[in-house]
Amino acid sequence: MKVTFKIWRQDSPDSKGELKTYETDGLTEDMSFLEALDHLNEKLVLKNEKVVAFEYDCREGICGQCGVFINGRAHGPHDHMTTCQLHMRSFKDGDTITVEPWQAGAFPIVKDLVVDRTAFDRIVEQGAYITAKTGTAPEANSIPVPKEVSDAAMDMAACIGCGACVATCKNASAALFTSAKINHLNKLPQGKAEQHTRLLDMTKQMEVEGFGSCTFTAACEVECPAEISISSIAEMNARYVKAKIFG
Amino acid sequence: MSIFFRKFIIAATGLFLCIFLIVHLSANSLLLLPEASARGLYNAYSTTLRENPLITAVSYLLYLSIIFHVIYAAIITIKNRKSKGTGYRVNHKQENSTWASQNMGFLGVFILLFIVVHLVNFWARVKLGIGESVGLDVDGNTDVYEITYTLFHNIYYVLFYILLMIPLGFHLHHGLKSAFKTLGFYHKKGLRVLAKISLVYAFVMSIGFGVIPLIVYFK
């Protein structure tokens, strides 16, 4: 299988980037997209050229590291999928594939396809945890949690912080990510005690980082590998009003 | 001022304007009656509204809603553009979102243009007395029907009033369903129902307002 990669190359955060074209042969349909990039990098090494920098870790769709913009979509042409789960069989022999880093003011480019997503970490630092020291794992049934509540919290906890929601959003809004982190804990009895400060602090940080505001295009829920719904953002809005009144 | 507050203002003013449109379209449907009864009813209705102090208060709320909706939309659009930074070389956003949802500001500019022209055509003449003076009908009411009738016998205005209902329809469809989410309505099934209601609402409003000038033209 042969494809033409057009890949964003940028040496450093301050340098000017550009799309560079690489004709790549010897790929197979069974290769994951990241393996195809590995294959390209091996060729570049043999030619004594700089390899393409891109992030990855687990390669099984759960770590959220491998976010890149492929052919105009976050994580490529499929809905709800990470880049590592995308395979070359999703492309045709002879295709041109454009690969760009996430674009958002709050996600500055580090090098090539790698962006700095620590803005997410700083939002998490503002309260995506409970401050009580919990010690070792407690008895699971000591705090009864209704099934529908634990399921709903688990749906929110599924967020892997990949940044696709921000990357695909025309406003670079981090509302889906932040709402998932807030709703996850605010739904559970363990998170209730700090629900209002958590919400106000995390949403404030979201704004400080320079993320835009949500206009409900719903692009984020289509690209989210964890299938988190935009109703999560609506829930955060409702909780914001509650926090402002009772917080 | 927080992101939330700015969005709440846009949603709340937008919803108020959506309610206003229902009242406005109901009144406009009087224009569809045969001329003899339409003129009297339409003029009597508009005179009653103008003379009611409660309606006058609501009309100020309406002006403020339009002004705040536009100002905050402009602020948010500018801030969001800054957040996004440089765009992608290739971006297939039509695969994950509707065109209207990506272009609310663009659609809004057309609607604002329409509102300005519409206010010059009616509000400026009737309320401010600017432009050609308006006569009275046989009952002594200001003859707003005559303004409408004359305006909609000019094909250029008819086309303008029809074509500008297209951006209105798209704007209302995305705006109405999103306003509820912005204001914190998050029940999933309820949101699906609201999405359908928004679609029907947008259709009824844009086709309703768009078809009336055409019918008056052929009257």
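Before reading on, note that the structure itself is shown above.
The residue numbers shown here count from 1 along each chain, following its written sequence. Chain letters start at A and ligand numbers start at 1, both assigned in the order the entries are written. Restriction of local features to residues with pLDDT of at least 70 applies here, the model being predicted, together with a cutoff of 80 or more for giving and counting side-chain atom pairs; totals for whole chains, interfaces and linings are based on all residues. Water and hydrogen atoms were dropped before computing side-chain values, which therefore reflect all heavy atoms in the structure.

**Some remarks on the packing of helix 1 (residues 3-28) of chain B against helix 8 (residues 165-182) of chain B**
All names here are of chain B.
So, step 1. Contact geometry for helix 1 and helix 8: axes closest at 9 Å, N-to-C directions at 125 degrees. As judged from the angle between their axes, helix 1 and helix 8 are oblique. In this structure, helix 1 meets helix 8 at a crossing whose hand is left-handed. Within the contact between the two elements, helix 1 uses Lys7, Phe8, Ala11, Leu15, Cys18 and Leu21 and helix 8 uses Leu168, Leu172, Leu176, Ala179, Phe180 and Thr182.
So, step 2. Under the scheme applied here, ten amino acids are nonpolar (Ala, Val, Leu, Ile, Met, Phe, Trp, Tyr, Cys and Pro), four are charged (Asp, Glu, Lys and Arg), and all others, including Gly, are polar. Tallied by class, residues from the contact of helix 1 with helix 8 come to ten nonpolar, one polar and one charged. Working convention: axes come from line fits to C-alpha atoms, limited for helices to the stretch in contact. Angles between N-to-C directions cover 0 to 180 degrees. Helix numbers and strand numbers start at the N terminus; a helix is a DSSP run of H or I with at least 4 residues, a strand a run of E with at least 2. Between 65 and 115 degrees an angle is taken as roughly perpendicular, under 35 as roughly parallel, over 145 as roughly antiparallel, and anywhere else as oblique. Handedness of a crossing is defined here by the sense of rotation of the near helix relative to the far one, left-handed for an anticlockwise turn of less than a right angle and right-handed for a clockwise turn. We call two residues contacting when some pair of their heavy atoms lies within 4.5 Å.

**What to know about the sheet that holds strand 2 (residues 18-24) of chain A**
All names here are of chain A.
So, step 1. Criterion used throughout: strands pair if DSSP finds at least two bridges between them. As summarised here, the arrangement of the five strands in space is 2-1-5-3-4, forming an open sheet in which the pairing is mixed. For this open sheet the edge positions go to strand 2 and strand 4 (73-74), each flanked by a neighbour on one side alone.
So, step 2. Strands strand 1 (3-9), strand 2, strand 3 (69-70) and strand 5 (96-100) of the sheet are contacted by helix 1 (residues 33-46), whose axis makes an angle of about 80 degrees with strand 1.

**Examining the interface of chain B and chain A**
So, step 1. Of the residues lining the interface, 33 residues belong to chain B; the matching set on chain A comes to 46 residues.
So, step 2. Buried area: the accessible surface (1.4 Å probe) lost by two parts on joining, summed over both. Looking only at chain B, the three residues that lose the most surface to chain A are B:Phe4, B:Tyr88 and B:Asn96, adding up to 21% of its buried area.
So, step 3. The rule for a salt bridge is simple: a side-chain nitrogen of Lys or Arg has to be within 4 Å of a carboxyl oxygen of Asp or Glu. Seen at the junction of chain B and chain A, the total is two salt bridges.
So, step 4. Of the charged contacts in the structure, one is a salt bridge between B:Glu95 and A:Arg73, with a shortest N-O distance of 2.9 Å.
So, step 5. Elements represented by at least two residues in the side of chain B that touches chain A include exactly helix 1, helix 3 (53-84), helix 4 (99-102), helix 8 and helix 9 (188-217) of chain B.
So, step 6. Of all the elements, helix 1 of chain B adds the most residues to the side of chain B that touches chain A, at five residues.
So, step 7. Looking at side-chain class alone, the side of chain B that touches chain A contains ten nonpolar, 16 polar and seven charged residues.

Just distances and angles here, no functional claims.
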